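Inside the fold
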Amino acid sequence: AKFGGPCRSVEFLDTKPNNRRTNVTSTYETAILNGWVNEMDRPVYAEAVKIFNADLEKFGVSHESCTACYEEAGLDLTS
């Protein structure tokens, strides 16, 4: 939506799979950090989320508006 062009299935790959119910990433172990949190990263991430959500609204992006793109990319999101 933002940059135009055809939709490709590779654009919908989940590169960071997790358990969405518990929000626990299955491929990233944090125990080695011993509770350490990168506090400097939090405001950067929060701003990126704000920009991302503003762009969703600005460009009218929703599951409904993307249905044609899903179909063009050959995705079946009914399951």
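Structure first, text after, so check above.
Everything numeric in this text was worked out from a predicted model, so none of it was measured.

This next bit is on the side chain of Asp 55. Along the chain, Asp 55 falls in helix α1 (residues 41–58). At 2.8 Å, the side chain of Asp 55 forms a polar contact with the side chain of Lys 2.

Turning next to unusual backbone geometry. A positive phi angle is found at Asn 34, which is not glycine, with a value near 50°. Among the structural elements, Asn 34 can be located in the loop between β2 (24–25) and α1.

Before going further, it helps to examine a nonpolar patch on the surface. Together, Ile 32, Leu 33 and Trp 36 give the surface a local cluster of nonpolar side chains, amounting to about 360 Å² of exposed area. Counting through the fold element by element, Leu 33 comes out in the loop between β2 and α1. You can call Leu 33 partly exposed: its relative accessible area is 32%.

Each pair of aromatic rings is reported with the distance of its centres and the angle of its planes. Within the structure shown, the criterion is met by one aromatic pair. Aromatic side chains Phe 12 and Tyr 70 sit 5.5 Å apart centroid to centroid with 75° between the ring planes, which places their arrangement in the edge-to-face category. You can see Phe 12 sitting in the segment before β1 (18–19) and its partner Tyr 70 sitting in helix α2 (residues 67–72), a full 58 residues away along the chain.

Parameters at a glance
Residues numbered from 1 in each chain as written. Predicted model: local features only at pLDDT ≥ 70, side-chain atom pairs only at ≥ 80, totals over all residues. Heavy atoms only, no water. Helix = DSSP H or I, 4+ residues; strand = E, 2+ residues; numbered from the N terminus. Polar contact = N/O pair within 3.5 Å; in protein donor to acceptor, adjacent residues only side chain to side chain. Patch = residues over 30% accessible without salt bridge, like charges linked within 9 Å, V, L, I, M, F, W, Y side chains within 5 Å. Areas by Shrake-Rupley, 256 points an atom, 1.4 Å probe, with all protein chains shown as cover. Salt bridge = Lys/Arg side-chain N within 4 Å of Asp/Glu carboxyl O. Buried < 20%, exposed > 50% of the residue type's maximum accessible area, 1.4 Å probe, protein only. Phe/Tyr/Trp six-rings, centres within 6.5 Å; stacked < 30°, edge-to-face > 60°.

By themselves, these are just geometric observations and shouldn't be taken as functional.
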